[in-house]
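Survey of secondary and tertiary structure
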Amino acid sequence: MTTVPRRAGDPRRPSGAPAPVRSLLRGLPTLPAVILLAVFLAGPIAYCVYYAFTDMQLTGASGTSFVGLDNFTRAFGDADFLNAVWLTLVFVIGSAVIGQNTLGLALAVLMEKATKPVRSVVNGVVIAAWVLPEVVAGYLMYAFFYNQGSLNSILDALHLPQQNWLYTMPILAVCLANVWRGTAFSMMVFSAALNDVPQELVEAAEMDGAGPWQRLWRVVLPVIRRSIMTNLMLITLQTLSVFGLIYTMTRGGPGNKSETLPIFMYQQAFQNSLIGYGTAIALVLLVVGALFSAVYIRLLKLEDD
């Protein structure tokens, strides 16, 4: 048996370089991406963390000094901040966890049984709302819910009572607007998940006498539960950061009835010029998002176990 000599540079040839050096060489192609992330992501985040512990202001201050936890203490003692936290939870749970998730699943299930023309029309209409810029969607929803807008015109034609929705129920109006705009993402996620459901399981359940609701609850949902949890995590994080839609429709008003944390943060930082205080609120929003993510990831791990 003859042995083929290995040429110089042959990848099978054992390298004489130590393991840390080999690992460093293998990681060189990712170095530009790491540098960009450090400069444009980690750097600004670290700078914002520093600002959160200072009294930095845009105007009217001769200098910036370190104040420790004063901004956070002030926030949790501020009734307006606590109101913003509560409205943020209502907005996220109402428009994302319940609204987008449920409606997206319902549309995905219905589209499976629909004809091709119906699927094309529904997909086009739903996705059109999703691809609209947030500010444009906000203006459309403002025109719909306005006192003399489309919704009251429809109610007037049906001889039903009308009201100024953006004044009497602003948080409901922005929740419905966010559901309208964001449902397309959930629908696409669930449509892809439903395509992976083994038809043998569904057919076996149908042969055993299970109705449509039983097949959905006992067969389909358990199979796609990981997709459900992943979708919930993504739309929750996305909804936490919604700013343009709410600001365009209500600017957090009337008063503070639709003032979520992003709106409250913007007002404190740029309208009241309290950069340090506004940045502290931004960190609280970051922690809220991290808590939601931790819960979803924990649930995913429980599913794996």
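Bear in mind that the values here come from a model prediction, so they are computed numbers and not experimental data.

**Describing helix 4 (residues 79–113)**
Given a rise of 1.5 Å per residue, 35 residues ought to cover 51 Å, and the 50 Å separating the end C-alpha atoms of helix 4 matches this to within 8%. Sitting at the amino-terminal end of helix 4 is Asp78, which places a side-chain oxygen 3.0 Å from the backbone nitrogen of Asp80.

**Some thoughts on helix 6 (residues 134–145)**
With 12 residues, helix 6 extends 16 Å between its outermost C-alpha atoms, agreeing within 8% with the 16 Å of an ideal straight helix rising 1.5 Å per residue. Along helix 6, the residues classified as buried are Ala137, Gly138, Met141 and Phe145. Down the axis, helix 6 shows its buried residues gathered within 105 degrees of arc, on one side only. Looking at the buried side of helix 6, the elements it contacts are helix 7 (150–157), helix 8 (165–168), helix 9 (170–195) and helix 13 (244–249).

**A closer look at the UniProt feature "transmembrane region" (unreviewed entry) in the protein chain**
In the numbering adopted here, UniProt assigns the feature "transmembrane region" (unreviewed entry) to residues 31–53, 84–109, 121–145, 165–181, 228–249 and 274–297. For residues 121–145, the end-to-end C-alpha separation is 25 Å, with 92% helix and 0% strand making up the annotated structure. With 86% helix and 0% strand, residues 228–249 has its two end C-alpha atoms placed 30 Å apart.

**Topic: the UniProt feature "domain: ABC transmembrane type-1" (unreviewed entry) in the protein chain**
Those places that UniProt annotates as "domain: ABC transmembrane type-1" (unreviewed entry) correspond, in this numbering, to residues 86–296. Between the first and last C-alpha atoms of residues 86–296 the distance is 20 Å; the span itself is 81% helix and 0% strand.

**Comments concerning a nonpolar patch on the surface**
Taken together, Val21, Leu25, Leu28, Leu31, Val34, Ile35, Leu36, Val39 and Phe40 make up a surface patch of nonpolar side chains, about 850 Å² in accessible area. Assignment of secondary structure puts Val21 in helix 1 (residues 19–27).

**Brief notes about the packing of aromatic side chains**
Under the defined criterion, the tally for this structure stands at 15 aromatic pairs. Between the aromatic rings of Phe53 and Phe66, the centroid separation amounts to 6.3 Å while the plane-to-plane angle is 20 degrees, which identifies the pairing as stacked. A residue pair is termed long-range when its members are at least 10 positions apart, and Phe53 in the loop between helix 2 (31–52) and helix 3 (70–76) and Phe66 in the loop between helix 2 and helix 3 qualify at 13 residues. An aromatic cluster of three or more residues is present, and its members are Phe76, Phe81, Phe264 and Tyr277. If you follow Lys257 out to its NZ or CZ, it ends over the ring of Tyr167, 5.7 Å from the centre.

**Some details on unusual backbone geometry**
Going from Gly253 to Pro254, the amide bond is cis rather than trans, its omega being 0 degrees. Structurally, Pro254 is set in the loop between helix 13 and helix 14 (261–271). One non-glycine residue, His159, adopts positive backbone phi at about 60 degrees. Relative to the helices and strands, His159 is located in the loop between helix 7 and helix 8. Residues other than glycine seldom take positive phi values, yet Ser273 does so here, at roughly 65 degrees. With respect to the helices, strands and loops of the structure, Ser273 is situated in the loop between helix 14 and helix 15 (275–304). Looking at Ser273, the relative accessible area reads 13%, which means it is buried.

Reading the values: rules and limits
Residues numbered from 1 in each chain as written. Predicted model: local features only at pLDDT ≥ 70, side-chain atom pairs only at ≥ 80, totals over all residues. Heavy atoms only, no water. Helix = DSSP H or I, 4+ residues; strand = E, 2+ residues; numbered from the N terminus. Expected span 1.5 Å × (residues − 1). Polar contact = N/O pair within 3.5 Å; in protein donor to acceptor, adjacent residues only side chain to side chain. Buried < 20%, exposed > 50% of the residue type's maximum accessible area, 1.4 Å probe, protein only. Arc of directions from axis to C-beta. Contact = heavy atoms within 4.5 Å. UniProt positions renumbered as here; feature names shortened; annotations may be inferred. Patch = residues over 30% accessible without salt bridge, like charges linked within 9 Å, V, L, I, M, F, W, Y side chains within 5 Å. Areas by Shrake-Rupley, 256 points an atom, 1.4 Å probe, with all protein chains shown as cover. Salt bridge = Lys/Arg side-chain N within 4 Å of Asp/Glu carboxyl O. Phe/Tyr/Trp six-rings, centres within 6.5 Å; stacked < 30°, edge-to-face > 60°. Lys NZ or Arg CZ within 6 Å of the ring centre and 35° of its normal.

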